[in-house]
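A look at the structure
Chain by chain, the residues:
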Amino acid sequence: MTSNEAEKQGSSRRFQLPFQIRVEPRLEVPRWLSPVVSLGAIITALLLGGLILAFVGGNPFQAYAHIAKAAFGNLGVLSDTLVKATPLILTGLACTVAFRMKLWNIGAEGQFYMGALGASIVVLTGLVPEDASRFVTVSVMLIAGVVFGAFWGFIPGWLKARLKVNEIITTLMLNYIAISLTNYFIFGVWSEGGFQMSHTFQRSAWLPRLADFAEQMPILRGLTTHFGLVFAIVAAVIVGYVLYRSIWGYEIRLIGDNPRAAEYAGINITRNTVLVMMFSGALAGLGGMSEIGGVVHRLQAAISPGYGFTGIIIAWLAKLNPIVVIPVAVLFGGLILAGREIQPAGIPRLIQGIILFMLIASDVLLRYRIRIVRRAERV
Amino acid sequence: MSVLAGLYKPEAGTIIVDGESADFNSPKDAIAMGLGMIHQHFTLIESHTVTENILLGLDDPRFLMKLHHYDKKMETLGEQYGMQVTPAAKIWQLSVGEQQRVEILKMLYRGVRVLIMDEPTSVLAPQEIEELFKTLRSMTVDGRSIVFISHKLNEVMSIADRITVLRQGKVTAAGIHTATTSKPELANLMVGRKVLFQLDKTAKEPGDVVLELKAVSSLNDKGLPALRNVNLKVRSGEIVGVAGVAGNGQTELGEVITGLRRCTAGEILVNGQDVTNKSARVPINLGVAHVPEDRTHVGTAPNLTITDNVIMKSYREPPLAKGSSLDHVAAREKAVHLKDEYTILAPSVDTQVRMLSGGNLQRVILAREFSAQPVLLIAMQPTRGLDVGAIEGVQRLLLEQRDAGAAILLVSEELEEIFTLSDRIAVIYEGEIVGDGVEADAQQVGLMMTGGKESSPEGTTS
């Protein structure tokens, strides 16, 4: 060995660790890996959040305990959490459906408002008579909410399919139009005594709540969870069937992954673009209807603190799995509720942010295997 | 050529420039040595101006662009070589010919002495080709060298001083003086005449006409004519080979038949039924299978599993479809069965197809298309990029389909393959079928493929 060579080896050795970290793409992802990695990411996020809390002088354990108590501590707050989760499940599902086909519908917020507007119109214009039964009123409201939401999804869907207009822009802008349109009605047409809200709906337009059954079961007293949750869960099951079991779901997946291959397989992309956007809008619209019928019972400003946008995050966190959307939405509902309880209110948001970050980062672990290989000893 | 331009590193051998061996790590190194390349697909930024594109990546305007100053410079440089350019124009406003001039200027501005041009005429109109040739001649007068890559014999004969023939990455003839050769001789060198292996092909009397194209015309993606007045018939139990150099309308031919591209004129019949400009679903339902040219972008959905990919054409029909539901168990069974039958090498049918090698990916496509027992099979470059063993397998499968009575349209750039498999040969050149039903004569076909059919073979140009 020449001295030159020896020197080279010596210098290169200085920079080497005794092991090597190799990143290899995974050929197949085992079924159990995804939930395990997601759980790991949430735990890591909570640890990181705890570190930050400790750093600014708080007690992370107390803070977490408080958040948990405020969101899930007793039947009352749990019920409130579920109320918050209901619209989130529906907007999360709306985004899930569209994102599966790589249609970036960020207009769930607007579709939510339109759903609320549609449901209000049938009540406030007297389209359903005031003495109609609750079943009839709610059914008509449901249809109106779904149709209005679907229409708000149809517009960007049609523009995208026929004129290739970017749906991100149109859905985003339609949000503002929907909100302004709602405002027009509550400031002008249905303003009650100059307040920016309509009058309260008649009782038959209220979705049944758990508290309504308190007479039969006293334990339900004061529980606000309403029938919208049932809509949300049924919707999740339907979306799950469509995406995983139906022929249409297969087409949506195929178009989402490779539109040219889908076209080659004889799938009508134009038609599916419009249909999927309408389906997505209908789900968000149902969310708006359920919020109006189950919680506020009137049309007013700011019915949504950004449910449509949170729906985007929820869809991603659930990895576009409609069933997983439910627990994720409940977690977020809890964090929103806890945000009112805890000071400063930013803490649950901070945790939300870190969780999102960790979950997205953890995706690498699903796609790649990280191996630590011991360097072979040089002989 | 990409090796010379510094895009790829050579695995073996050396490049010698001006008597010194050169080691390129990037196109920058190659340009520094005086070697520049103009790709067939231009490398320009559409929303920038001509001057900005030429200056891109250079150190000279360091911070302030001083565009006016450089605009002048570009204009003078252009005039020097007889090229008119508008330096302040944005690239997207220019015609293809003008864009090419910008590419040439880019190289001249960098002081390139050897200019490599990959199929520079393929995107140009005849008149633009003349202008290009003028520019190239004025450059050679100036002492610069040009490597002109083309498959069109007429052009090569008219512009080149010396000719080198490449076939499958090997030089088959180097440095022939243009004056001493002829088009037939070149055509011969290009196609070769060796047959690698013999397949047992039984003689078979073809049946009824399955596919018929009547005077079909169509445009390519750029809106230029890709197919001109194409007439073609394929009978059941017969393989019709379409020979031609890439980019002469083969892709478009496959696409119009399968409903992926609109015809501007003409009629396409499958088993007597009109499928002209119908959606892709119509030919599929009539039993037309299609092995597409582009396996990853058209033929498969990369992130879906093998199962999802093999059911792409059959998922709408029973037994896979049950009402509005898809029977996943049946789909998986089908996939497992096909994986065995077509020896697709993968851990399981749940593997995403992007993980598969080129040969296995092609088997996924073949399994899907062949298992449907098609009446008509459009096979586009079915063996491209496969190793010898895989090629033979694919060719056997094609013959099996033929013997089972399918009508097959085989489009391939490999003449050997066309000659081995086809019952009849059609030659396509610039979107026209220039020879139909030709008896196997490699030299004649080679000549027709390169546009040398019309003019008589002569060898005195320069």
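Rules used in this analysis
- Residues numbered from 1 in each chain as written.
- Chains lettered and ligands numbered in written order.
- Predicted model: local features only at pLDDT ≥ 70, side-chain atom pairs only at ≥ 80, totals over all residues.
- Heavy atoms only, no water.
- Helix = DSSP H or I, 4+ residues; strand = E, 2+ residues; numbered from the N terminus.
- Buried < 20%, exposed > 50% of the residue type's maximum accessible area, 1.4 Å probe, protein only.
- Contact = heavy atoms within 4.5 Å.
- Areas by Shrake-Rupley, 256 points an atom, 1.4 Å probe, with all protein chains shown as cover.
- Lys, Arg positive; Asp, Glu negative; His and termini not counted.
- Charge placed at Lys NZ, Arg CZ, Asp CG, Glu CD.
- Domains from an automatic or database assignment.
- Salt bridge = Lys/Arg side-chain N within 4 Å of Asp/Glu carboxyl O.
- Axes fitted to C-alpha atoms, helices over the stretch in contact; angles between N-to-C directions.
- Parallel < 35°, antiparallel > 145°, perpendicular 65-115°, else oblique.
- Nonpolar A, V, L, I, M, F, W, Y, C, P; charged D, E, K, R; others polar.
- Pairing = 2+ DSSP bridges.
- Buried area = accessible area lost by both parts, 1.4 Å probe.
- Phe/Tyr/Trp six-rings, centres within 6.5 Å; stacked < 30°, edge-to-face > 60°.
- Lys NZ or Arg CZ within 6 Å of the ring centre and 35° of its normal.
- Patch = residues over 30% accessible without salt bridge, like charges linked within 9 Å, V, L, I, M, F, W, Y side chains within 5 Å.

Counting secondary structure elements, chain A contains 14 helices and two strands. In chain A, which comprises 379 residues, the share counted as buried stands at 48%. For chain A, long-range pairs separated by at least 24 residues make up 78% of all intrachain contacts whose partners lie at least 6 apart in sequence. Carbon together with sulfur atoms contributes 66% to the accessible area of chain A, which is approximately 18900 Å² in total. Here chain A contributes 31 positive and 19 negative side-chain charges, whose respective centroids are spaced 8 Å apart.

Moving on to the domain arrangement of chain B. Here chain B is partitioned into domain 1 (15–149) and domain 2 (209–287 + 374–459). In this structure, domain 1 of chain B and domain 2 of chain B have C-alpha centres spaced 37 Å apart.

Below, the discussion takes up the side chain of Asp71 of chain B. Along the chain, the position of Asp71 of chain B falls in helix H3 (residues 67–80). For the buried residue Asp71 of chain B, which engages in no salt bridge, the nearest side chain bearing the opposite charge is Lys72 of chain B, 8.2 Å off.

All names here are of chain A. Interhelical geometry of helix H8 (residues 228–244) versus helix H11 (residues 269–296) gives an angle of 170° and a closest axis separation of 10 Å. One finds that H8 runs roughly antiparallel with respect to H11. Note on element contacts: H11 touches H8 through Phe279, Leu283, Leu286, Met289 and Ser290, opposite Gly228, Phe231, Ala235, Val239 and Val242. Residue classes in the contact of H8 with H11 are distributed as eight nonpolar, two polar and no charged.

Residue and element names in this part refer to chain B. Tallying each qualifying case throughout the model produces 19 salt bridges over all chains. With a closest N to O distance of 4.0 Å, Lys233 and Glu212 form a salt bridge. A residue pair is termed long-range when its members are at least 10 positions apart, and Lys233 in strand S9 (residues 225–235) and Glu212 in strand S8 (residues 209–219) qualify at 21 residues. A salt bridge links Arg424 to Glu238; its shortest N-O distance comes to 3.2 Å. With Arg424 in strand S18 (residues 424–429) and Glu238 in the loop between S9 and strand S10 (239–243), this pair connects stretches of sequence that are 186 residues apart. The class for Arg424 is partly exposed, based on a relative accessible area of 22%. Judged by relative accessible area, which is 3%, Glu238 ranks as buried. Taken together, the shared-partner salt bridges in this structure form one network comprising Asp221, Glu255 and Arg261.

In this fold, Asp257 of chain A is placed in helix H9 (residues 247–257). There is no salt bridge for the buried Asp257 of chain A, and the closest opposite charge comes from Lys102 of chain A, which lies 4.4 Å off by N-O distance. For Asp257 of chain A, the contacting residues outside a window of four places in its chain are Lys102 of chain A together with Ala301, Pro302, Asn303 and Leu304 of chain B.

Right, let's get into the pairing of strand S4 (residues 114–118) of chain B. Residues and elements named next belong to chain B. Here strand S3 (residues 35–38) pairs with S4 via four bridges, running parallel. Looking across to S4, one finds that Ile38 is bridged to Met117. When S4 meets strand S5 (residues 145–149), the two strands line up parallel, connected through five bridges. Opposite Leu115, over in S5, you have Ile146 as the bridge partner.

Moving on: the sheet that holds strand S11 (residues 263–270) of chain B. Strand pairing in a sheet is mediated by backbone hydrogen bonds. Such pairs are either parallel or antiparallel. All names here are of chain B. Read from one edge of the open sheet, four strands run S9-S8-S11-S12, paired in antiparallel fashion. A single partner strand is all that each edge strand has here, and the edge strands are S9 and strand S12 (273–274). Direction of pairing for S11 relative to S12: antiparallel, over a ladder of two bridges. The residue bridging Val270 from the neighbouring strand is Gln273, located in S12. Those strands touched by helix H8 (residues 250–257) are S8, S9 and S11, and its axis lies near 120° from that of S8.

Each partner contributes residues to the interface: chain A has 21 residues there, and chain B has 36 residues. Around 2500 Å² of area is buried between chain A and chain B when both sides are counted, 53% of it from carbon and sulfur atoms. Our enumeration of links across chain A and chain B arrives at one salt bridge. Of all the secondary structure elements, the ones that give two or more residues to the side of chain A that touches chain B are H8, H9 and helix H10 (259–264) of chain A. The biggest single contributor to the side of chain A that touches chain B is H9 of chain A, with six residues.

Residue and element names in this part refer to chain B. A cis geometry characterises the amide bond from Pro318 onward to Pro319, with omega recorded as 5°. By secondary structure assignment, the location of Pro319 is in the loop between helix H11 (306–310) and strand S14 (321–322). Even without a glycine there, the phi angle at Ala215 is positive, about 50°. Among the secondary structure elements, Ala215 is positioned in strand S8. The backbone of Asn271 shows a phi angle near 50°, a positive value even though the residue is not glycine.

Further remarks concern the packing of aromatic side chains. Summed over all chains, the structure comprises 12 aromatic pairs over all chains. Here Phe99 of chain A and Trp104 of chain A contribute two aromatic rings whose centre-to-centre distance is 5.2 Å and whose plane-to-plane angle is 55°, an arrangement assigned as tilted. Look at Phe99 of chain A and you get buried, because its relative accessible area is 4%. With 6.0 Å between their ring centres and 50° between their planes, Phe151 of chain A and Trp152 of chain A make a pair best called tilted. For Phe151 of chain A, a relative accessible area of 43% puts it in the partly exposed group. The rings of Phe99, Trp104 and Trp316 of chain A are connected pair by pair, giving a single aromatic cluster. Seen from the ring of Trp206 of chain A, Arg203 of chain A lies directly overhead, with NZ or CZ sitting 4.2 Å from the centre. One cation-aromatic arrangement involves Lys313 of chain B over Tyr264 of chain A; the distance from NZ or CZ to the ring centre is 4.0 Å.

For the rest of this paragraph, the subject is a nonpolar patch on the surface. Residues and elements named next belong to chain A. A cluster of nonpolar residues, Phe19, Ile21, Val23, Val364, Leu365, Tyr368, Ile370 and Ile372, forms a patch on the protein surface that exposes about 700 Å² of accessible area. Every element with two or more residues in the nonpolar patch is listed here: strand S1 (19–25), helix H14 (346–367) and strand S2 (368–374). In this structure, Ile372 sits in strand S2. Classification of Ile372 as exposed rests on a relative accessible area of 62%.

With that settled, the discussion passes to the sheet that holds S3 of chain B. All names here are of chain B. The strand order across the open sheet built from three strands is S3-S4-S5, with neighbouring strands paired in parallel fashion. Strands with a single pairing partner mark the edges of an open sheet, and in this sheet they are S3 and S5. On average, adjacent strands in this sheet sit at an angle of 15° to one another, irrespective of strand direction. Contacting S3 and S4, helix H4 (residues 96–109) runs over the sheet at an angle of about 170° to S3. In the packing of helix H5 (residues 126–141) onto the sheet, the strands contacted are S4 and S5, and the crossing angle to S5 comes to about 145°.

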